[in-house]
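Given next are the chains, with one letter for each unit.
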Amino acid sequence: MPTSQMQRDRFGDVLRTLRLERGLTQEELAEAAGSSVRGIREMERGRVRSPQRRTVALLADALRLAGADRDRFAALARAERQPHGGPAAPHERPAASVPGELPAELPDLAGRAEILERLSTLAADVTAGRPDATSVVVLHGPPGIGKTSLAVAAGHRLSPAFAGGQLFVDLQGTPPAGPVDPAEALAGLLRSLGVPADRMPVSPSERAGLFRTLTRDRPLLVVLDNAANEAQVRPLLPAGRGCLVLVTCRRPLAGLAGAVRLPLDLLVPAVGRLLLAAIVGADRIAAEPAAADHLVTLCGGLPLAVRIAGNRLTSRPDWSIGRLVDLLLDQRRRLTVLTAGDLDIRSAFEVSYRQLDPMAARVFRRASLIPDATFAPALVAAVAGTDDDTAAAALEELVEAGVLRTLTDRYQFHDLVRLYAAERLDAEEEPASRTRAHDRMVDWLLRRTRQAGAMFEPGVGRADSEFDDDRAAAYWLDREAGNWLAALRDAARRGRHADVVAVARALHWYSDANSHRHAWDEIFSLGVAAARAAGSPHDEAVLLNFLGWARYFCRDRNTDGLAALTRALELARRIGDRREEAWALTYTAAIQVRTGRGESAVDHGRRAVELFREIGYALGEHSAASVQGAALASLGRFTEAAGLHREVLAFYGRDNGLSRTGAAVARAGAMMSLGADLAGLGRWWEAAAEYNRARWVFHRSGATFSEANAVHRYGLALRALGEADAAAEALRTALALYAALSCPWWEAQTLHALAALADATPDRAADARRLRRRALDRCGELDAPEVRTLRATLRCELAEG
């Protein structure tokens, strides 16, 4: 055995023996010596060529060595650093050696084929001597993403192209052991290239110059692992055009000129499952496929988390995958469960957290209070108790640190990082501080939601609003829906009745243009309960009307909608609220049209028109007139209906107090009603034109459900005109829009219409049956007369087919 190898083995053996004699684990020794667990492990295995003097001294202190024992320990380390065959004469060049320092490659790397291929291409450009080749690659990403594993795997695969050898340096860019001083790292690199201790330059600049000299004509692959920053990396870059450097870092090192940056993303579920199978065995995965998928999901696609979970299962062959899933489902214990030996997901996050400045750390902790998966700087500023600019700067620091992801102008935690942030919040902030932060966030969300909703209210002054116009308000409401709805629920739980009523009422006119985008039945139910608890019958009647609309129009629950409207009507009449009485009659008439009670609907609509006219509320009058027209059309009185709907359309074309979006949606709704009247009169081309006009108005207004309904009816009109191909295209478009909003009743109707089109083509009988089965499936458990009728029709048609 070569002397150098014997020396390395002896030092590693002595280190391991001394550690065990003192009853220390590798983790405990690493913490005591300010080193990394990986460094301790590599030294004990004899894979570290040259333990640094400072490291040796710290290890001796941690092992409580003194006297002769300490001298022998240091001598072994010095012997490892000595060049073999005695010191070289000053005039001699370092002996040529071919280092091969890459750690062992993991056998189960998964999901990185695309990046490995990119690295192969870059390496080929370097070795071919292309003048524009990039010789520095930064592999960056959050903790636990697998940067080191990828760099090592790439190094092994690319090493044949670099005859000068492979160098590997752990820069320990994160506390407690690091970061390594570039001068010390250079000394290690120079020793690896054969520079003896007595020829080692003293100054950092001289070491850097010698390193560049020795690498100028030598094709090397260098892996600089776990870098702290650009300043640590720059002196370690070789000068040769035939060298390739792979740098791993949590930050993208944006200041490193000329580098290619390759971000590492989370594993998609299928790849996460492959990694898990590689660790625990394919048979075990095949036995519990659903549990395996759930396990990967709970790990959030983070390679380190999946690896830890796999290692835990491997070390416990009697465990089912489902058992580990059950443990991970408890969010309070999930980070603790994700520990296997010296692999610990919490520690990976801890390293990044401890490097944050105080404001970034506060933002990190308190952002865990935000309920939705994504958030914007303004909301973070509210919860952190700072201004927008400070919050934005802190968020960018968190992205740089790898503990937050950016999504255009919004930010997102990884699920496991959010749990860690919540742990730090509980550990480092007093309950009163946490409560104040939470309440500040809820107050901000409720206030901003009211302001946004007010942008849609007819005739309301908007000069002091936070929003430029109703479209900006709608954009905010859509993007922050998960947050403001959570705030509304929180306010309801805590008995903030006035706030709940105010927010629910403010959102009504916005809901008209966004009928199927949010949980309006829940929102208005919360409002009804709050109004009742606050003892406000007027607010209760208003919100019961909103709730009735949400149930029938947004959820196709006609019976439930009618129940809420009956209560609204009774309450409005009891307190003498004629406006809410008229709205209750209007919405009730709309349900009666849907359920085939046209005569009653005409009476309710007429009475609503009269009431609105008596109190001088033109907007309500024309809304009721539109429903009255639909009731007349349901009775076949299409000419009368068309006359009413033309009057309504003209009204919505004038200045009526509605917001720009509200007026556009109301005008398009009138076009739809007029189109239905024209269809009833057999004037299909005119009907199709109205539907198509309405479609594009809805589209521009962001009213997706109404757009789907317009395209649906346009398709039916084209079918009636014999335009089968165009009709099928329109119906498929409508189906996709309905499906995106999860509207099963409307999906079922559209599928049935497509099946009827397929019937007209002899060789599409199988398609027609498939479409009818899908329609029957979408009817599901819905229970309404029109649904029961369609369900019976579909079953009959399938039986006949």
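In case you missed it, the structure is sitting above this.
Bear in mind that the values here come from a model prediction, so they are computed numbers and not experimental data. (Residues numbered from 1 in each chain as written. Predicted model: local features only at pLDDT ≥ 70, side-chain atom pairs only at ≥ 80, totals over all residues. Heavy atoms only, no water.)

Caption draft 1: Quick look at the overall build of the protein chain. In terms of helices and strands, the protein chain carries 40 helices and 10 strands. Taking the principal axes of the C-alpha coordinates as reference, the protein chain spans close to 110 × 65 × 55 Å. Buried residues in the protein chain amount to 53% of all 801 residues. Once local pairs closer than 6 in sequence are excluded, the contacts in the protein chain between residues at least 24 apart make up 68%. For the protein chain, the accessible area works out to roughly 34,500 Å², and carbon and sulfur atoms hold 51% of it. (Helix = DSSP H or I, 4+ residues; strand = E, 2+ residues; numbered from the N terminus. Buried < 20%, exposed > 50% of the residue type's maximum accessible area, 1.4 Å probe, protein only. Contact = heavy atoms within 4.5 Å. Areas by Shrake-Rupley, 256 points an atom, 1.4 Å probe, with all protein chains shown as cover.)

Caption draft 2: Quick look at the sheet that holds strand S4 (residues 244-249). One open sheet holds the five strands; their spatial order is S2-S3-S4-S1-S5, and the pairing between them is parallel. Each having just a single partner strand, strand S2 (166-170) and strand S5 (260-263) make up the two edges of the open sheet. Sheet twist, expressed as the mean angle between neighbouring strand axes with direction ignored, is 15 degrees. (Pairing = 2+ DSSP bridges. Axes fitted to C-alpha atoms, helices over the stretch in contact; angles between N-to-C directions.)

Caption draft 3: The nonpolar core, seen in detail. Judged by nonpolar contacts, the single largest core of 220 residues is most densely connected at Leu295, Ile345, Phe364, Phe375, Trp520 and Phe524. With 11 residues, helix H34 (residues 660-680) is the largest single contributor of residues to this core. Within the second largest apolar cluster, 31 residues are counted, among which are Met200, Phe211, Leu224 and Cys249. (Core = buried A, V, L, I, M, F, W, Y, C linked by side-chain atoms within 4.5 Å.)

Caption draft 4: Quick look at the packing of helix H8 (residues 182-192) against helix H9 (residues 204-215). The interhelical angle for the contact between H8 and H9, taken along N-to-C directions, is 35 degrees, at an axis separation of 9 Å. Crossing angle aside, the handedness with which H8 passes H9 is left-handed. Contacts between H8 and H9 involve Ala183, Glu184, Leu186, Ala187, Leu189 and Leu190 from the former and Pro204, Arg207, Ala208, Leu210, Phe211 and Leu214 from the latter. (Left-handed = near helix turned anticlockwise from the far one by under 90°.)

Caption draft 5: Fine view of the environment of Asp499. Relative to the elements of secondary structure, Asp499 occurs in helix H25 (residues 497-506). C-alpha of Asp499 to C-alpha of Gly527: the two residues are 28 residues apart in sequence and 9.2 Å apart in space.

Caption draft 6: Representation of helix H13 (residues 289-298) within the structure. The complete set of buried residues in H13 reads Ala291, Ala292, Leu295, Val296 and Leu298. Buried residues in H13, looked at end-on, bunch into an arc of 160 degrees, giving them a common side. For H13, the exposed residues set more than 90 degrees away from the buried face come down to Ala290 and Thr297. Buried residues belonging to H13 abut helix H11 (269-280), helix H12 (282-287), helix H14 (303-315), helix H15 (321-329), helix H16 (334-337) and helix H21 (415-428). Looking at the residues trailing H13, positive phi occurs at Gly300, about 65 degrees. (Arc of directions from axis to C-beta.)

Caption draft 7: Molecular detail of unusual backbone geometry. Positive phi, normally seen in glycine, also occurs at Asn226, with a value near 60 degrees. In this fold, Asn226 is placed in the loop between strand S3 (221-225) and helix H10 (230-233). In this structure, Asp556 takes a positive phi of about 55 degrees despite not being glycine. Along the chain, Asp556 falls in the loop between helix H28 (537-554) and helix H29 (558-575). Asp556 gets classed as buried once you look at its relative accessible area, which sits at 14%.

Caption draft 8: Just the packing of aromatic side chains, in detail. All chains considered together, the criterion is met by 25 aromatic pairs. Here the aromatic rings of Trp444 and Trp476 are separated by 6.2 Å at their centres, their planes lie at 65 degrees, and the arrangement is edge-to-face. Of this pair, Trp444 sits in helix H22 (residues 431-454) while Trp476 sits in helix H23 (residues 470-479); the two residues are 32 residues apart in sequence, bridging distant segments of the chain. For the pair Trp444 and Trp476, one class covers both residues: buried. Through a chain of ring-to-ring contacts, the aromatic side chains of Trp549, Tyr552, Phe553, Trp583, Tyr587, Phe612, Tyr617, Phe705, Tyr738 and Trp746 assemble into a single cluster. The ring of Trp319 carries the charged tip of Arg316 above its face, separated from the ring centre by 5.1 Å. Here the guanidinium or amino end of Arg579 rests over the ring plane of Tyr617, the centre of that ring lying 3.9 Å away. (Phe/Tyr/Trp six-rings, centres within 6.5 Å; stacked < 30°, edge-to-face > 60°. Lys NZ or Arg CZ within 6 Å of the ring centre and 35° of its normal.)

Caption draft 9: Just the pattern of salt bridges, in detail. All told, the structure shown has 49 salt bridges when counted by the stated rule. Put simply, Asp108 and Arg307 hold a salt bridge, and the shortest N to O gap is 2.8 Å. Here the residue Asp108 occupies a position in the loop between helix H5 (67-81) and helix H6 (113-127), and Arg307 occupies one in helix H14, the gap between them amounting to 199 residues. Across the pair, Arg307 and Asp108 agree in class, each one buried. Where Glu686 meets Arg683, a salt bridge forms, and the shortest distance between an N and an O atom there is 2.8 Å. On the accessibility criterion, Glu686 (37% relative accessible area) is partly exposed. Take Arg683: its relative accessible area is 34%, and that puts it in the partly exposed class. (Salt bridge = Lys/Arg side-chain N within 4 Å of Asp/Glu carboxyl O.)

Caption draft 10: Spatial organisation of the pairing of S5. Of the two faces of S5, only one is covered, namely that formed by Val260 and Leu262; the face formed by Arg261 and Pro263 stays uncovered. Pairing of strand S1 (residues 136-140) with S5 involves four bridges; the strand directions are parallel. Residue pairing in the sheet places His140 in a bridge with Pro263 of S5.

Caption draft 11: Inspection of the side chain of Asn558 at higher detail. As for its position among the elements, Asn558 is in helix H29. Excluding its chain neighbours within four sequence positions, the residues that come into contact with Asn558 are Tyr552, Ile591, Arg594, Thr595, Ala784 and Glu786.

Take it as geometry only, folks, not as evidence of what the structure does.
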